[in-house]
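# Architecture and fold: a report
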Amino acid sequence: MDATEPPVMELRGVSKTFGEVRALSDVDFHVRRGEIVGLLGDNGSGKSTMVKMMMGYHRPDPGGEVWFEGERVQGWSVAKARALGIETVYQERALADLQSVWRNMFMGREPVNRFGLLDIRRMRREAAALMKGHMGFTSGAVHPDNVVQTMSGGEKQGVAITRALFFEARLVVLDEPTMGLSLSETQKTLDFVRSIKEAGRSAVFIDHNVYHVYPVVDRLVLLDRGRIAGEFTPAGITLEQLTDRLRTVARTGRLEG
Amino acid sequence: MAKTGIPPREEVAAEAVPRITPRLFLRRHALTTGTIGIAVVMWTIFIVAAPDVFLNSRIYSAFGITTPLWGMMALALTFVVITREMDLSFVSVMALGMVGFVRVHEFTGSVLLAILACLLVGLACGLFNGFLVAVLGIPSLVITLGTMFFFRGIELALLDGTGVPLTDDAFGTLRDVLNGKTAGIPNEFVWMVIIGVLLWVVLNRTRYGAHLFVVGDNVDSARLMGIRVTRVKMTAFGTLGVVAAFSGMVASMQSSYLWPTLGDGSLLLPIAAVFLGGTSVFGGIGTIFGTFLGALMVGSIQAGVISAGISGFYTQLFFGLIIIVSLVMQTLISRRMRS
Ligand SMILES: Nc1ncnc2c1ncn2[C@@H]1O[C@H](COP(=O)(O)OP(=O)(O)OP(=O)(O)O)[C@@H](O)[C@H]1O
Ligand SMILES: [Mg+2]
């Protein structure tokens, strides 16, 4: 992590209003290369909105700026964000239930051959390999041609997580990736997050369980009712102090009670 | 790179996709298999009921001339339905495109420019539908009912309600290409096959085709994953517009006359063909092959009932029966596949 280098992703003065609801208010946020940033906050505090802002799914209200690798981006879109190397595991998973696993894995970034036609062989092969080697599907019943609809909740999540990791993105955003996962699958997901750092890439990690977030992140950002309420490093705060702070913020909206 | 959690490429290449057993294959293609089954049963009944009609090649050539006039539109309509939309206006686009044709021909005397104008009018109508649906977010069933009347109204106003004879010698080549025969097969049918193959490739072998499925399956997921939903839908409507205008040209050249009512009464047949072919009204599922089979079924009922000398009103009875049986079957199959 190099503080002189511009951050991979940065939000400056970003607000977002949905009708009457102000989901984000004047948020400044950044992620550096090789850095894992944990994002904590109550339900409805604006975490997912911030994720979709970074992905170009939402546009900031006038005045807000999105920066990528030191340049202000104009006309930011999900397609652009993905092309530049940002992948996200959305809270809602963003799968197409009636489509096969391989179609879901490559949704929006389908490889084509030199004639511009879909490279289906490659997609099915890579999906099969990822399912076996990565998601640990051993049962022969799970075939890359299977439709996602028939899979279990955890398996679906596996598809969404594996998809985000496949493209070797520079920045991986994980919005509650462990929700509903078994102990072993959760452990695997946390290991993935660590491996992102080891590969010199960056991540934003959202999870309601501080015991998941605290050990793997370099920095913690606390969001409260659409505002940044505080920033910590695991080195500067113990787990007990952190949970205390979280409770205080949830109750009073301020860090100190 | 070793610790990215992603298997290195060589490992990926070495991993074979698990084989699909014949049973699994049948299960996966249960819908298509079912549609083929119904088609075969229906055809067998026809042959047994009226062997002299259905074993005679005359009915097939009659069929090959009439079915494509709306069957080509059924193929393109499949794209729209897969995105979970509907279009009712293509029957009017058929005629409006031909107005472009005759007007440009009058002005320039060029058949080539006339053809181009016809297809461009079709494209413009389709994109207009797409704009209203995808950009403004108006439900397609409702808004294309509006554009159906609107396009028809423009056409009637421009033609002043009277038809245009298309007997100019300059149309000879065009008529040969559209309405001649190739190896004994009516060119109308050849065009339907060509369009079917093209659309099949687009749907199953291009990124655009993959996006059609995702948009119809879950539009929010599509947006979150960076698929340009508006563009995908507009292109689907645009494609149908072009194919409708082309169909209008084929039909008009066939009768050497542009009827102001061209397309009237062709609305329900393509829609029936699309649903008979197993395309889901809920979007995300559909095949060009299924629609092709559906069109053949609807077309053969139409041709068969009339040729067999059965009174015309039995056609509707047959249509109704086939559609109900097919949809019941499709529902049962989908339910079984889910459990
Ligand atoms: N598309 C939208 N339209 C209207 N309001 C929205 C929309 N998206 C989010 N909101 C509102 O913005 C606020 C923040 O939502 P967001 O999903 O970002 O919260 P979150 O921190 O991710 O919560 P959770 O922990 O429950 O996932 C909520 O009040 C929500 O109702
Ligand atoms: Mg959320």
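Below: a short report on this structure. (Residues numbered from 1 in each chain as written. Chains lettered and ligands numbered in written order. Predicted model: local features only at pLDDT ≥ 70, side-chain atom pairs only at ≥ 80, totals over all residues. Heavy atoms only, no water.)

## Describing the site of ligand 1
Residue and element names in this part refer to chain A.
- The immediate surroundings of ligand 1 are formed by 14 residues, with Gly44, Lys47, Ser48, Thr49 and His208 found nearest.
- A distance of 2.8 Å separates an oxygen atom of ligand 1 from a polar backbone atom of Gly44.
- Note that an oxygen atom of ligand 1 is positioned 2.9 Å from one of the side-chain N or O atoms of Gln91.
- With the chains in place, 63% of the 630 Å² that ligand 1 exposes on its own is no longer accessible.
- Counting only elements with at least two residues in the shell around ligand 1, the list comes to strand E2 (21-31) and helix H1 (47-54).
- A per-element tally of the shell around ligand 1 places H1 first, with three residues.
- Grouping the constituent residues of the shell around ligand 1 by class yields three nonpolar, eight polar and three charged. (Near = heavy atom within 4 Å. Polar contact = N/O pair within 3.5 Å; in protein donor to acceptor, adjacent residues only side chain to side chain. Areas by Shrake-Rupley, 256 points an atom, 1.4 Å probe, with all protein chains shown as cover. Helix = DSSP H or I, 4+ residues; strand = E, 2+ residues; numbered from the N terminus. Nonpolar A, V, L, I, M, F, W, Y, C, P; charged D, E, K, R; others polar.)

## Re the packing of helix H5 (residues 57-82) of chain B against helix H14 (residues 268-276) of chain B
All names here are of chain B.
- Between H5 and H14, whose axes approach to 8 Å, the crossing angle comes to 55°. Judged by the angle between their axes, H5 and H14 are oblique. By crossing handedness, the relation of H5 to H14 is classed as right-handed. Of H14, the residues touching H5 (which contributes Trp70, Ala74, Leu77, Thr78 and Val81) are Leu269, Pro270, Ile271, Ala273, Val274 and Phe275.
- In the contact of H5 with H14, the residues fall into 10 nonpolar, one polar and no charged. (Axes fitted to C-alpha atoms, helices over the stretch in contact; angles between N-to-C directions. Parallel < 35°, antiparallel > 145°, perpendicular 65-115°, else oblique. Left-handed = near helix turned anticlockwise from the far one by under 90°. Contact = heavy atoms within 4.5 Å.)

## Details of the nonpolar core
- By size, the foremost hydrophobic cluster in this structure holds 131 residues, and its most contacted members are Met9, Leu11, Phe29 and Ile86 of chain A together with Leu77 and Phe101 of chain B.
- Ranked by residue count, the leading element in this core is H5 of chain B, at 14 residues.
- The residues contacting Met9 of chain A, other than those within four sequence positions of it, are Phe29, His30, Val31, Met54, Val66, Trp67, Phe68, Trp76, Ile86 and Leu171 of chain A.
- In this structure, Leu40, Ala160, Tyr214 and Leu239 of chain A belong to the second largest nonpolar core, which totals 47 residues. (Core = buried A, V, L, I, M, F, W, Y, C linked by side-chain atoms within 4.5 Å. Buried < 20%, exposed > 50% of the residue type's maximum accessible area, 1.4 Å probe, protein only.)

## What about the sheet that holds strand E8 (residues 202-206) of chain A?
Residues and elements named next belong to chain A.
- Overall, mixed pairing links the six strands, which are arranged E6-E7-E8-E3-E9-E10 in an open sheet. Lying at the two open borders of the sheet, with one neighbouring strand each, are strand E6 (86-89) and strand E10 (227-232). Within this sheet the neighbouring strands show an average axis-to-axis angle of 20°, counted without direction.
- The strands touched by H1 are strand E3 (36-41), E6, strand E7 (171-175), E8 and strand E9 (219-224); relative to E3, the strand with the most contacts, the crossing angle is about 140°.
- Against the sheet, helix H8 (residues 239-252) touches E3, E9 and E10, its axis set at about 15° to E9. (Pairing = 2+ DSSP bridges.)

## Re the pattern of salt bridges
- Scanning all chains against the criterion turns up 22 salt bridges over all chains.
- Residues Glu85 of chain B and Lys233 of chain B are paired through a salt bridge, measuring 2.7 Å at the closest nitrogen-oxygen approach. On the criterion of sequence distance, the pair formed by Glu85 of chain B in the loop between H5 and helix H6 (90-108) and Lys233 of chain B in helix H13 (residues 229-255) is long-range, its members being 148 residues apart.
- Using a relative accessible area of 12% as the deciding quantity, one classes Lys233 of chain B as buried.
- With a shortest N-O distance of 3.2 Å, Arg152 of chain B and Asp264 of chain B are connected by a salt bridge. Of this pair, Arg152 of chain B sits in helix H8 (residues 140-159) while Asp264 of chain B sits in the loop between strand E4 (257-258) and H14; the two residues are 112 residues apart in sequence, bridging distant segments of the chain.
- When its relative accessible area of 9% is taken as the criterion, Arg152 of chain B is described as buried.
- Via salt bridges that share partners, Glu35, Arg219 and Glu231 of chain A belong to a single interconnected network. (Salt bridge = Lys/Arg side-chain N within 4 Å of Asp/Glu carboxyl O.)

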